[in-house]
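Overview (structure and organization)
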Amino acid sequence: MRFDLIKVLFAGLVSMVVDQVDDQGETVRVRARTRSAAVACPGCGWRTRRVHAYHVRRLADLPVGGRGVVLELRVRRLACRNHTCARRTFREQVPGLAARWGGEDTDTPR
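The paragraphs below set out a description of the structure included in this document. (Residues numbered from 1 in each chain as written. Predicted model: local features only at pLDDT ≥ 70, side-chain atom pairs only at ≥ 80, totals over all residues. Heavy atoms only, no water.)

For asparagine 82, the location among the structural elements is in the loop between strand 6 (67-79) and strand 7 (89-91). Here the side chain of asparagine 82 touches threonine 84 through a polar contact of 2.7 Å, side chain to side chain. Setting aside its immediate chain neighbours within four residues, asparagine 82 contacts Cys44 and Trp46. (Helix = DSSP H or I, 4+ residues; strand = E, 2+ residues; numbered from the N terminus. Polar contact = N/O pair within 3.5 Å; in protein donor to acceptor, adjacent residues only side chain to side chain. Contact = heavy atoms within 4.5 Å.)

What follows is about the nonpolar core. With 10 residues, the main nonpolar core is built from Leu13, Met16, Val28, Val30, Ala32, Leu59, Leu71, Leu73, Val75 and Val94. Among the elements of the structure, strand 2 (27-33) and strand 6 are those that each provide at least two residues to this core. By size, the runner-up hydrophobic cluster in this structure holds seven residues, among which are Cys41, Leu78, Cys85 and Phe90. (Core = buried A, V, L, I, M, F, W, Y, C linked by side-chain atoms within 4.5 Å. Buried < 20%, exposed > 50% of the residue type's maximum accessible area, 1.4 Å probe, protein only.)

And the structure:
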């Protein structure tokens, strides 16, 4: 039987794709990304997968085993395909894991 520590220790990451976990001594760095599912535009509700750019959110979490945890979460900036929508692009949100404006954002190239 396989025991998956990521799902046990980081239950909020179950809906994410975990790409890497780095042991950096006093800190554990987890790199994860959202799945490529379609997302509804918050302006008009149209669903889209069209990626405009990517952003990395760096979130600090509670310590695990006495060691600090940093989550580097890559999220997509999506383009709304509804030409009548006032919102051209929007950043996907990760409910239950990161609040809007809750972490430092860094633009990264596609």
